[in-house]
Amino acid sequence: MSTVTTQAASAGKNSFDPIRFLQQIVAIDSCDPPGREIEVAKLVHQELLALGVESELDEFLPGRANVLGRIRGTGEKAALVLSSHMDTVPVGTVPWQRWPFSGEVENGRLYGRGSTDMKSALAAMIAAAGKLVEEPRERLKGDVILAFTAGESANLLGARRFVEQGLKKEIGAFLCGEPSDLDVIIVEKAALWLRATGTGRLGHVSGDAGVNAIDLIHTFLSRLYAIKLGYPPAPASGRADSSRRTHPRWLGGEPYARQLHG
């Protein structure tokens, strides 16, 4: 199933209130699983259109949706992509002091699941887009694209959908709104996914000891932990960070190891 709703921008309005909007979308349960980002996506889509931003709502699975907003430039340069996800992690089992979908504001803080990660960034990016439309200077040389995704918390299905549609080819610069203590981070860790298969052989007490597949994987992981990797200096800081974390897990009946570098 895929339902795509594309609409051109209207004349726009100047009354976007990011706090009010953030309260609205925090009040919507979009915990993943199961996701259900469609209700958030509809509000985002409507708000972009009201601000004069071209918008496309793509419900590519029942209840799962992406929103793609665009402020068109001259095409001389590649696009600047502002990206946030519309789902959140589950509420969890630890009792909340406030209703997790209240959007309550107290002493300058807004409370609720997703208020930090990352519906606040979603609201801020919409506000920035509204300002670009409201206060145009000279036309931008590249498009500004708002890429709002489903399913970041579980399986990245919204991001995968954008890649399938060719969005990756348009990116000149990419800003992700994940919380960072209000700091601008220009270098991020990357994941190197390795899959290893150990093939054993049946043995017998009469002589042939056989081959233990678990021992093979154990040897592989021990050698993986011992690898010394070099890292180039980060572009801004000039500092090489050699930290590495390896997470062996099981995937589909086979062990795999994820290394995080940076």
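This one's a predicted model, so the numbers in the text were calculated from it and none came from an experiment.

> I'm lost on the overall build of the chain in this one. Help?
From N to C terminus, the chain includes 5 helices and 11 strands. Relative to its full complement of 262 residues, the chain shows a buried share of 35%.

> Explain the environment of Ser-83 to me, please; I cannot follow it from the model alone.
Within the fold, Ser-83 resides in strand β4 (residues 79-85). Note: C-alpha distance between Ser-83 and Glu-178 (95 residues apart in sequence) is 8.9 Å. For Ser-83, the contacting residues outside a window of four places in its chain are Met-118, Met-125, Ala-147, Phe-174, Leu-175, Cys-176 and Gly-177. At 2.9 Å, the side chain of Ser-83 and the backbone oxygen of Ala-147 are in polar contact.

> Help me understand the side chain of Asp-32, please; the structure alone is not making it clear to me.
Its place among the elements puts Asp-32 in the loop between α1 (18-26) and α2 (38-50). Judged by relative accessible area, which is 5%, Asp-32 ranks as buried. In this structure the side chain of Asp-32 is engaged in a polar contact, spanning 3.4 Å, whose partner is the backbone nitrogen of Ala-154. Apart from residues lying up to four places away in sequence, Asp-32 is in contact with Arg-64, Asp-87, Thr-88, Val-89, Pro-90, Gly-151, Glu-152, Ser-153 and Ala-154.

> I keep staring at the packing of aromatic side chains and nothing clicks. Help me out?
Aromatic ring pairs: the centre-centre distance and the angle between the two ring planes describe each pair. This structure, assessed with the given rule, holds 2 aromatic pairs. Between Phe-16 and Phe-21, the ring centres sit 5.5 Å apart and the planes meet at 55°, which makes this aromatic pair tilted. Just as Phe-16 is buried, Phe-21 falls in that class too. Centre to centre, the rings of Trp-99 and Phe-101 are 5.6 Å apart; their planes meet at 70°, and the pair counts as edge-to-face. A relative accessible area of 59% places Trp-99 in the exposed class. With a relative accessible area of 11%, Phe-101 lands in the buried category.

> Help me understand helix α5 (residues 213-226) in this model?
For the α-helix, the turn length of 3.6 residues means that residues three or four positions removed from each other point alike. Along its 14 residues, α5 runs 20 Å from first to last C-alpha, staying within 8% of the 20 Å computed at 1.5 Å per residue. Of all the residues in α5, the buried ones are Ile-217, Leu-221 and Leu-224. With its buried residues spanning 60° around the axis, α5 presents them on a single face. The outward face of α5, more than 90 degrees from its buried face, is lined by the exposed residues His-218, Arg-223 and Ala-226. Two or three places before Ile-214, at the opening of α5, Asn-212 has a side-chain oxygen 2.8 Å from that residue's backbone nitrogen.

Cut-offs applied
- Residues numbered from 1 in each chain as written.
- Predicted model: local features only at pLDDT ≥ 70, side-chain atom pairs only at ≥ 80, totals over all residues.
- Heavy atoms only, no water.
- Helix = DSSP H or I, 4+ residues; strand = E, 2+ residues; numbered from the N terminus.
- Buried < 20%, exposed > 50% of the residue type's maximum accessible area, 1.4 Å probe, protein only.
- Contact = heavy atoms within 4.5 Å.
- Polar contact = N/O pair within 3.5 Å; in protein donor to acceptor, adjacent residues only side chain to side chain.
- Phe/Tyr/Trp six-rings, centres within 6.5 Å; stacked < 30°, edge-to-face > 60°.
- Expected span 1.5 Å × (residues − 1).
- Arc of directions from axis to C-beta.

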